[in-house]
Structures are given as structure tokens and as C-alpha cells.
Amino acid sequence: MAPIYDCSVDSELLSGMRLARSAIGRGELVVIPTDTVYGVAADAFSPAAVQRLLDAKGRGRQSPPPVLVPGIPTLAALAESVPPEVDALVRAFWPGGLTIVLPAAPSLVWDLGETRGTVALRMPQDTIALELLSETGPLAVSSANLTGRPAARTAAEAEGMLGDSIAVYLDGGEAGASYERVEGKDSSSTIVDATALASGAGKLRILRHGVISADQLREVVGDALETDDAHETDDAHETDDAPASAPTDS
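Owing to the predicted nature of the structure, the values given are computational and were not obtained by experimental measurement.

Undergrad: A description of the overall build of the chain should follow, citing residues and the corresponding values.
TA: The helix and strand inventory of the chain stands at eight helices and ten strands. Expressed as a percentage of the 250 residues in the chain, the buried residues total 56%. Within the chain, contacts between residues at least 6 apart in sequence are counted, and of these 66% link residues at least 24 apart. Put simply, the chain shows about 10,000 Å² of open surface, and 49% of that area lies on carbon and sulfur atoms.

Undergrad: How would you explain the sheet that holds strand E9 (residues 190-193) if you had to name every residue and give the values?
TA: Read across the sheet, ten strands follow the order E1-E8-E2-E3-E7-E4-E6-E5-E9-E10 without closing on themselves; strand pairing throughout is mixed. Taken across any chain shown, the strands that pair with only one partner, and hence form the sheet edges, are strand E1 (4-6) and strand E10 (205-208).

Undergrad: Go over helix H4 (residues 84-93) with me, naming the residues and quoting the values.
TA: Every buried residue of H4 is accounted for by Val 86, Leu 89, Val 90 and Phe 93. The arc enclosing the buried residues of H4, seen along the axis, measures out at 95°, which places them on a common side. Opposite the buried face of H4, at more than 90 degrees from it, the exposed residues are Pro 84 and Arg 91. Of the surrounding elements, those touching the buried residues of H4 are helix H3 (73-78), strand E5 (98-103) and helix H8 (214-221).

Undergrad: I'd like a description of the packing of helix H1 (residues 10-25) against helix H5 (residues 127-136), backed by residues and values.
TA: Interaxial distance between H1 and H5 falls to 11 Å at its minimum, and their mutual angle equals 45°. For the element pair H1 / H5, the angle class is oblique. Crossing angle aside, the handedness with which H1 passes H5 is right-handed. Along the contact surface, H1 presents Met 17, Ala 20, Arg 21 and Ile 24, while H5 presents Ile 128, Glu 131, Leu 132, Glu 135 and Thr 136. Of the residues that constitute the contact of H1 with H5, the class distribution is five nonpolar, one polar and three charged.

Undergrad: How would you explain the pairing of E9 if you had to name every residue and give the values?
TA: Alternating residues of E9 divide into Thr 190 and Val 192 and Ile 191 and Asp 193, and every residue in both groups is buried. In this structure, E5 lies alongside E9, joined through four bridges in parallel fashion. Residue pairing for E9: Val 101 is matched across the bridge by Asp 193. Sheet topology note: the E9/E10 ladder contains three bridges and is antiparallel. By the bridge assignment, Asp 193 is partnered in E10 with Arg 205.

Undergrad: Describe the packing of H4 against H8, and please don't skip the residues or the numbers.
TA: Helices that pack against each other are described as a pair by the angle of their axes relative to one another and the distance between those axes. In contact at an axis separation of 9 Å, H4 and H8 are set at 125° when each is read in the N-to-C sense. What the angle tells us is that H4 and H8 run oblique. Relative to H8, H4 is oriented so that their crossing is right-handed. Taken together, the residues of H8 that come into contact with H4 (itself represented by Glu 85, Ala 88, Leu 89, Ala 92 and Phe 93) are Gln 216, Leu 217, Val 220 and Val 221. In terms of residue class, the contact of H4 with H8 is made up of seven nonpolar, one polar and one charged.

Undergrad: An account of the nonpolar core is requested, with residue identities and associated values reported.
TA: Ranked by internal contacts, the top residues of the largest apolar core, which has 56 residues, are Val 31, Val 67, Trp 94, Leu 98, Ile 100, Leu 204 and Leu 217. Counting residues per element, the ones that place at least two in this core are strand E3 (39-43), helix H2 (47-57), H3, H4, E5, strand E6 (118-122), helix H6 (155-162) and H8. Element by element, the count of residues in this core is highest for H2, at five residues. Counting 18 residues, the second-largest nonpolar core is a separate cluster that includes Ala 23, Val 30, Leu 133 and Val 168.

Undergrad: Could you give me a rundown of the side chain of Ser 143, with the residues and numbers involved?
TA: Relative to the elements of secondary structure, Ser 143 occurs in strand E7 (residues 139-143). Overall, Ser 143 belongs to the buried group, its relative accessible area being 0%. Within the local environment of Ser 143, its side chain forms a polar contact with the side chain of Asn 145, the two groups lying 2.3 Å apart.

Undergrad: How would you sum up H5? Please name residues and give values.
TA: Taken as a whole, H5 has its buried residues at Ile 128, Ala 129, Leu 132 and Leu 133. Buried positions in H5, seen along its axis, are confined to an arc of 130° and lie on one side of it. As for H5, its buried residues are in contact with H1, strand E2 (30-32), strand E4 (67-68), E7 and strand E8 (168-171). Near the N-terminus of H5, the side chain that reaches the backbone nitrogen of Ile 128, with its oxygen 3.0 Å away, is that of Asp 126.

Each value, and the rule that gives it
Once a new chain begins, its residue numbering starts again from 1 and follows that chain's sequence as written. Two thresholds apply to this predicted model, a pLDDT of at least 70 for residue-level local features and 80 or more for giving and counting side-chain atom pairs, whereas whole-chain, interface and lining totals are computed over all residues. Think of the side-chain values as coming from all heavy atoms in the structure, minus any hydrogens and water. Secondary structure counts use DSSP, requiring at least four H or I residues in a row for a helix and at least two E residues in a row for a strand, with both numbered from the N terminus. Only protein chains enter the accessibility calculation, which uses a 1.4 Å probe. A residue is then buried if its area is under 20% of the maximum for its type, exposed if over 50%, and partly exposed in between. Throughout, a residue-residue contact means that at least one pair of heavy atoms, one from each residue, lies within 4.5 Å. For every accessible area listed, the method is Shrake-Rupley and the probe measures 1.4 Å; residues are considered covered only by the protein chains on display. Any two strands with at least two DSSP-identified bridges between them are counted as paired. The directions from the helix axis to the C-beta atoms form the arc being described. Each axis is a line fitted through C-alpha atoms, taken for helices only over the stretch in contact, and angles between the N-to-C directions span 0 to 180 degrees. Angles below 35 degrees are treated as roughly parallel, those above 145 as roughly antiparallel, those between 65 and 115 as roughly perpendicular, and all remaining angles as oblique. By convention, the crossing between two helices is left-handed when the near helix turns anticlockwise from the far helix through less than a right angle, and right-handed when the turn is clockwise. For this scheme, ten residues count as nonpolar: Ala, Val, Leu, Ile, Met, Phe, Trp, Tyr, Cys and Pro. Four count as charged, namely Asp, Glu, Lys and Arg, and the remainder, Gly too, count as polar. In plain words, nonpolar cores are sets of buried Ala, Val, Leu, Ile, Met, Phe, Trp, Tyr and Cys residues tied together by side-chain atoms within 4.5 Å. We define a polar contact as two N or O atoms separated by no more than 3.5 Å, with the added condition that, inside protein, one atom must be a possible hydrogen donor and the other a possible acceptor, whereas residues neighbouring each other in sequence contribute only through side-chain atom pairs.

This is how it looks when you write it as C-alpha cells:
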């Protein structure tokens with residue numbers, strides 16, 4: 001059975017982080033807490049590791065995982081372009097529960113699946129996740145659940161679904177505690193598609209309503225955000241990481 005490390009205990013935190021770094025370097029999978037839900041993390045630049053992540057969840061290449069990043073400067077390195085409105089959003093809501101879909105930088109050498117040339121990026125607000133990201137670089141991270149089941153809010157829930165497909169579990173307590181829980185509302189990140197805005201062909205649109213509300217987004221970008229309800233969507237990126245009934249990522 002894969003070990004679960006209680007990160008509230010200093011000795012377990014040190015051991016767990018060291019083993020998690022090593023596992024990522026070997027192309028294995030690690031379960032980590034984020035500020036929204038628990039996620040399964042893999043080296044974003046290892047096609048074999050990303051495929052292992054998809055296999056563990058029971059997903060196909062048509063649902064590529066989002067990529068978590070350690071800081072705002074990484075956004076410009078991974079995206080082909082960053083419109084001013086997107087820059088304003090990430091400065092307002094990163095680190096935090098906002099995922100942005102942008103055209104991927106053409107120079108990237110990775111294979112996340114059938115992305116159609118885009119990448120979904122987020123900087124999480126969780127000290128354990130950010131520390132690991134600072135040491136590994138960008139990680140492909142999908143919610144810690146089997147497809148069709150709710151995303152794990154604890155390391156034990158993740159282990160109950162994913163078992164030995166994971167090399168290391170980092171237990172950071174209950175995920176999502178910093179956000180207000182609303183019955184029927186997705187507890188994962190809000191996903192905003194900025195590809196049309198980046199190309200000059202349209203506005204920002206919400207692909208999934210999550211912990212950041214449309215009103216909060218509109219306070220930052222005004223009418224650059226479409227007024228339509230979230231599209232449950234033909235977008236290339238995985239959107240099923242929290243409640244099974246709603247499209248999500250971590």
C-alpha cells in the first residue's frame with residue numbers, strides 16, 4: 001500500500017516531500033492537497049507520466065489535465081500570449097481557485113493529450129502544493145478521483161479510490177476549507193476560457209462555475225467576460241475533477 005504522509009507532522013512532511021519529489025522525477029504519481037480539492041500530480045513534461053495519470057483515473061487522451069504552476073511568471077512561459085485581462089485576473093485571484101485556458105506556447109515539448117493547442121493553467125493557494133511545484137516545476141494535476149466519482153477532499157478519500165496507482169500521498173488536511181461551501185455549487189476551481197480573447201475573436205467565457213464567482217470575475221474584467229452561463233463544453237481540457245455531476249479540474 002502506498003504511504004500517506006501527515007504533513008502536519010514535521011518529520012512526515014520532510015519525508016513525504018522528499019519522496020514526492022523523487023517519485024515525480026521517476027515519472028510516478030503523487031497525490032497532493034490543493035486549496036480546492038486533492039489532486040493527482042505528474043511531471044507535465046513526461047508523456048509517460050501524464051498517460052499514467054490518465055490511466056489511474058480511467059480517462060482518455062481527449063480529456064487532458066490542467067497544469068499547476070508555482071507562480072505568475074510561469075504563465076508567460078507556458079502560454080503563447082497573455083491578454084491584459086488575463087493578467088489582471090491572475091493578479092487578482094492567483095494563487096487561488098481560478099484556472100485559465102490559453103493557447104499554449106508553440107515551443108513547449110510535452111504531450112498532455114488532445115489539447116488542440118491550448119493549456120489550462122492555475123497557481124494553487126496551498127503551501128504544500130506550492131512548495132512541491134517550486135522544486136519540480138509545472139505539474140499536470142487532475143482531481144484525485146476515479147472518473148465519475150466525486151473529487152477527494154481528503155488524502156484518505158483519494159487513497160480509497162486510487163490505491164497503489166499512486167506512489168506517495170501527501171495529507172494536508174481537508175481541501176477546500178478556505179472557500180465557502182454552497183450546496184450544489186462546484187467546489188473546484190472556476191475555469192475561464194481565454195483563447196478567443198487571446199486571438200481577438202471574442203471574449204472570456206466561463207467553462208465551469210467554481211469557487212470564484214462570475215461577479216468576482218466581472219469586477220476585474222468588466223464586459224470582457226461573456227454573460228452566458230457556463231458551457232458544458234467541447235473544450236479540450238478535462239473538466240471533471242470535483243462533483244461528478246459537473247465538469248471540473250483541481
